[in-house]
Amino acid sequence: HPSRLPCGSRLLDLSRPQVMGILNVTPDSFSDGGRFTARDAALRHAEQMVAAGATLIDIGGESTRPGARSVSPTEELERVAPVVDAIARELDVIISVDTSTPAVMRESARLGAGLINDVRSLQRDGALDAAADTGLPVCLMHMRGEPGDMQDDPRYPDIVIEVRDFLVERMAACATAGIPAERILLDPGFGFAKTLEHNLALFKRMGELSDLGRPLLVGVSRKSMIGKVLGHEVGGRLYGSLALAALALAKGAHILRVHDVAETVDVVRMIAAVEAAQ
Ligand SMILES: Cn1cnc2c(O)nc(N)nc21
């Protein structure tokens, strides 16, 4: 795949790993719980993450953690649009919009977003057309069901085949809608409709998804798979998150979606230093 991915007016350098900072503008996000609902606070947080080395900022107006309740499109747009607008005006960074809602995709693209990050892989009515019309690259992610019920006893014969077949099917749907493979990023969807065992097996075999020929985006930062293994609450999952960040890079991930940007950038830089040696 190309080493430079056009993201609206900006280019994403996929010849080296990139860090995507998480900016939740939702009152119930599992990790920032309402701290960043104010537009200015969100802008300051984004500024800090860019200063720490994030080259993408993922803005989400609807929490997708297990059990999260859904948000109306209007409410989601009211949360997201002002923040996309402010960051597009103030910061030199690629804005990823974390949404499944067509209207939010369209408005965010108009305001300057450079990437669509849809945990539902454009399955909502009108999402494929909206994403196609924006001309932006799209991240497709594996999930079955909805955040409200996805953790109710998910079962698969083989989680890696499940994820790969799902992503292949969604890529085909994208191609039919006019979104070419060159504009697709793929994501295993850690923590979505998966048991701890599913998440660990999928992480171990993540390399098998690389033969789909598209860049991989990985999001495990502070997630329950870390909490379940280490027995730590959200605030105590940094070290586990960094361990998995390093392992994801070793397994071929291109973009890491994280809360702790500065710490993760240090992991990326150390690995880059080793890779650059003779
Ligand atoms: C919004 N969101 C939460 N977790 C995520 C993950 O692992 N990947 C992507 N693409 N988005 C996520």
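Residues numbered from 1 in each chain as written. Predicted model: local features only at pLDDT ≥ 70, side-chain atom pairs only at ≥ 80, totals over all residues. Heavy atoms only, no water.

Chemist: Whenever I open this one, the packing of aromatic side chains confuses me. Can you help?
Modeler: Between two aromatic rings, the relevant description is the distance of the centres plus the angle of the planes. Scanning the model with the defined rule gives one aromatic pair in all. When the centroid spacing of 5.3 Å and the interplanar angle of 40 degrees are considered together, the rings of F190 and F203 count as tilted. In this pair, F190 is assigned in the loop between β8 (184-187) and α6 (196-204) and F203 in helix α6, connecting sequence segments 13 residues apart. Accessibility expressed as a relative area gives 0% for F190, which makes it buried. (Phe/Tyr/Trp six-rings, centres within 6.5 Å; stacked < 30°, edge-to-face > 60°. Helix = DSSP H or I, 4+ residues; strand = E, 2+ residues; numbered from the N terminus. Buried < 20%, exposed > 50% of the residue type's maximum accessible area, 1.4 Å probe, protein only.)

Chemist: Just to check I follow, could you spell out the site of the ligand for this structure?
Modeler: By nearness alone, every residue bordering the ligand is listed as T64, D98, N117, V119, C139, M141, D187, F192, L217, G219, K223 and R257. Taking D187, its side chain carries an N or O atom lying 2.6 Å from a nitrogen atom of the ligand. Here an oxygen atom of the ligand sits 2.8 Å away from a polar atom, N or O, in the side chain of K223. In the complex, the protein chains occlude 96% of the 310 Å² of accessible area that the ligand would expose alone. Grouping the amino acids of the shell around the ligand by side-chain chemistry returns five nonpolar, three polar and four charged. (Near = heavy atom within 4 Å. Polar contact = N/O pair within 3.5 Å; in protein donor to acceptor, adjacent residues only side chain to side chain. Areas by Shrake-Rupley, 256 points an atom, 1.4 Å probe, with all protein chains shown as cover. Nonpolar A, V, L, I, M, F, W, Y, C, P; charged D, E, K, R; others polar.)

Chemist: I tried to follow the pattern of salt bridges on my own but got confused; where do I start?
Modeler: As enumerated under the stated definition, the model contains 18 salt bridges in all. With a closest N to O distance of 3.1 Å, D13 and R16 form a salt bridge. Under the relative-accessibility criterion, R16 is labelled exposed at 54%. One salt bridge in this structure joins E62 and R120, with 3.5 Å as the shortest N-O distance. On the criterion of sequence distance, the pair formed by E62 in the loop between β4 (56-60) and α2 (73-90) and R120 in the loop between β6 (115-118) and α4 (127-134) is long-range, its members being 58 residues apart. Like E62, the residue R120 is buried in the burial classification. Taken together, the shared-partner salt bridges connect E62, R120, R124 and E146 into one network. (Salt bridge = Lys/Arg side-chain N within 4 Å of Asp/Glu carboxyl O.)

Chemist: Honestly, the packing of helix α8 (residues 238-250) against helix α9 (residues 261-276) in this entry has me stumped. Any pointers?
Modeler: As a packed pair, α8 and α9 sit with axes 10 Å apart at the nearest point and diverge in direction by 35 degrees. Remark: the crossing between α8 and α9 carries right-handed chirality. Contacts between α8 and α9 involve L238, L242, A245, A246 and L249 from the first element and E263, T264, V267, V268 and I271 from the second. Each residue belonging to the contact of α8 with α9 can be placed in one class, and the counts come to eight nonpolar, one polar and one charged. (Axes fitted to C-alpha atoms, helices over the stretch in contact; angles between N-to-C directions. Left-handed = near helix turned anticlockwise from the far one by under 90°. Contact = heavy atoms within 4.5 Å.)

Chemist: How should the nonpolar core be read in this particular structure?
Modeler: A general trend in soluble globular proteins is that nonpolar side chains are found buried together. Ranked by internal contacts, the top residues of the largest apolar core, which has 71 residues, are I59 and I87. Beyond its immediate sequence surroundings of up to four residues, I59 is in contact with L23, V25, V80, V83, V84, I87, I95, S96, V97 and D98. By size, the runner-up hydrophobic cluster in this structure holds twelve residues, among which are L14, I94, L115 and L217. (Core = buried A, V, L, I, M, F, W, Y, C linked by side-chain atoms within 4.5 Å.)

Chemist: Explain the side chain of D98 here, please?
Modeler: Its location among the elements puts D98 in strand β5 (residues 94-98). The side chain of D98 sits in the buried core without any salt bridge; R257 is the nearest counter-charge, 4.1 Å away. The contact partners of D98, leaving out residues within four places of it in the chain, are D58, I59, G60, G61, E76, N117, V119 and R257. (Lys, Arg positive; Asp, Glu negative; His and termini not counted.)

Chemist: When you look at the environment of S3 in this model, what are you seeing that I'm missing?
Modeler: Position of S3 relative to the elements: it lies in the segment before β1 (4-7). On the basis of relative accessible area, S3 is assigned to the partly exposed category, the value being 34%. In this structure, S3 is in contact with L12, D13, L14 and S15, ignoring residues within four places of it in sequence.

Chemist: Please explain the pairing of β6 as it appears in this structure.
Modeler: Every other side chain in a regular strand lies on the same face of the sheet, so the side chains alternate between the two faces. Here β6 shows two buried faces, one formed by L115 and N117 and the other by I116 and D118. Relative to β6, β5 is paired through three bridges, and the arrangement is parallel. Looking at β6, one finds that V97 is bridged to I116. After leaving β5, the chain enters helix α3 (residues 102-111) and then returns to the sheet as β6, a path that is right-handed. The handedness of the β6 to strand β7 (residues 138-141) crossover, carried by α4, is right-handed. (Pairing = 2+ DSSP bridges. Right-handed = clockwise from strand over helix to strand, strands pointing away.)

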